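The residues making up each chain are set out below.
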Amino acid sequence: MSSQHLIPPLNYGMIEEALYRSGQPNELNFPFLEKLGLKTVVWLAPEEPNQRFLNFIDDQEIKLHHLGVISSANAWDPITEEVVLEALELILNPRNYPMIIMCNLGRHRTGTIVGCLRKLQRWNLTSIFEEYRRYAGPKVRVLNEQFIELFDTDLVRVPVNSPKWL
């Protein structure tokens, strides 16, 4: 009997029950992702995911939402408010779960979305930035932290059937 190793993608983490984050996975991560039983992938990078990952998504019948094309192609530009609001609309719909939020490395774009979600959950800024920095490592982008701090949660439409952790 062969044992299969389950290897999570780069910067993988659990945000809430059935809501995850990571960088773009490779083939070694597919068995791990398969165990999550994902229904939805929110892809935040401007470019398409690699073909092997697209094939995996298709094989697993996972719905892909590519929001990164809405934002600037310059990787250094902060994510736009439009992308954050669209991502949060998907995140706040429990019918999309289990869900994973991804960008190339799972640091900046993903971290900004998670930071805005935490703000909606009424986390304090110190805790939000600590989580952002844990995933960003030495590559913290002050513009992303500023975006999170200034993000207006009143713009978010919270559905009546929102997740219980909100």
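All values derive from a computational prediction rather than experimental measurement.

Observations regarding the state of the cysteines
What makes a disulfide is a covalent bond joining the sulfur atoms belonging to two cysteines.
Step number 1: Evaluated as defined, the whole model comprises zero disulfides.
Step number 2: Residue C103 stays outside any disulfide, its sulfur separated by 13 Å from that of C116, the closest cysteine.
Step number 3: Classification of C116 as buried rests on a relative accessible area of 0%.

Looking at the pairing of strand 2 (residues 19-23)
Step number 1: Among the five residues that make up strand 2, five are buried, leaving the element largely enclosed by the rest of the structure.
Step number 2: Both faces of strand 2 are covered, namely the face carrying L19, R21 and G23 and the face carrying Y20 and S22.
Step number 3: In this antiparallel pair of consecutive strands, strand 1 (residues 13-16) and strand 2, the connection spans two residues, and A18 shows a positive phi of 65°.
Step number 4: Taken together, the five bridges between strand 2 and strand 5 (residues 99-103) define a ladder with parallel strand orientation.

Side note on the side chain of R118
Step number 1: Within the secondary structure, R118 sits in helix 4 (residues 108-120).
Step number 2: Apart from the residues lying within four places of it in its own chain, the contact partners of R118 are I15, E16, W123, I128 and E131.

A look at the nonpolar core
Step number 1: Within the largest apolar cluster, 32 residues are counted, with the highest numbers of intra-cluster contacts made by L19, L44, V84, L88, I91, I113 and L117.
Step number 2: Of all elements in the fold, only helix 3 (81-91), strand 5, helix 4, helix 5 (125-136) and helix 6 (142-150) reach the threshold of two or more residues within this core.
Step number 3: In terms of residue count, helix 3 provides more of this core than any other element does, six residues in total.
Step number 4: Contacts of L88, omitting those with residues within four sequence positions, involve I113, C116, L117, F151 and V156.
Step number 5: In terms of nonpolar packing, the next biggest core, distinct from the first, is built from 15 residues, L38, F53, I57 and M102 among them.

Remarks on the packing of aromatic side chains
Step number 1: Evaluation of the coordinates by the stated rule reveals seven aromatic pairs.
Step number 2: A centroid spacing of 6.4 Å and a plane angle of 50° characterise the contact between W43 and F53, whose relative ring orientation is tilted. With W43 in strand 3 (residues 40-43) and F53 in helix 2 (residues 51-59), the pair connects residues that are 10 residues apart, well separated along the chain.
Step number 3: The ring of Y135 has R21 lying over it, and the distance from NZ or CZ to the ring centre is 3.7 Å.

Quick notes on the rules
- Residues numbered from 1 in each chain as written.
- Predicted model: local features only at pLDDT ≥ 70, side-chain atom pairs only at ≥ 80, totals over all residues.
- Heavy atoms only, no water.
- Disulfide = S-S within 2.5 Å.
- Buried < 20%, exposed > 50% of the residue type's maximum accessible area, 1.4 Å probe, protein only.
- Helix = DSSP H or I, 4+ residues; strand = E, 2+ residues; numbered from the N terminus.
- Pairing = 2+ DSSP bridges.
- Contact = heavy atoms within 4.5 Å.
- Core = buried A, V, L, I, M, F, W, Y, C linked by side-chain atoms within 4.5 Å.
- Phe/Tyr/Trp six-rings, centres within 6.5 Å; stacked < 30°, edge-to-face > 60°.
- Lys NZ or Arg CZ within 6 Å of the ring centre and 35° of its normal.

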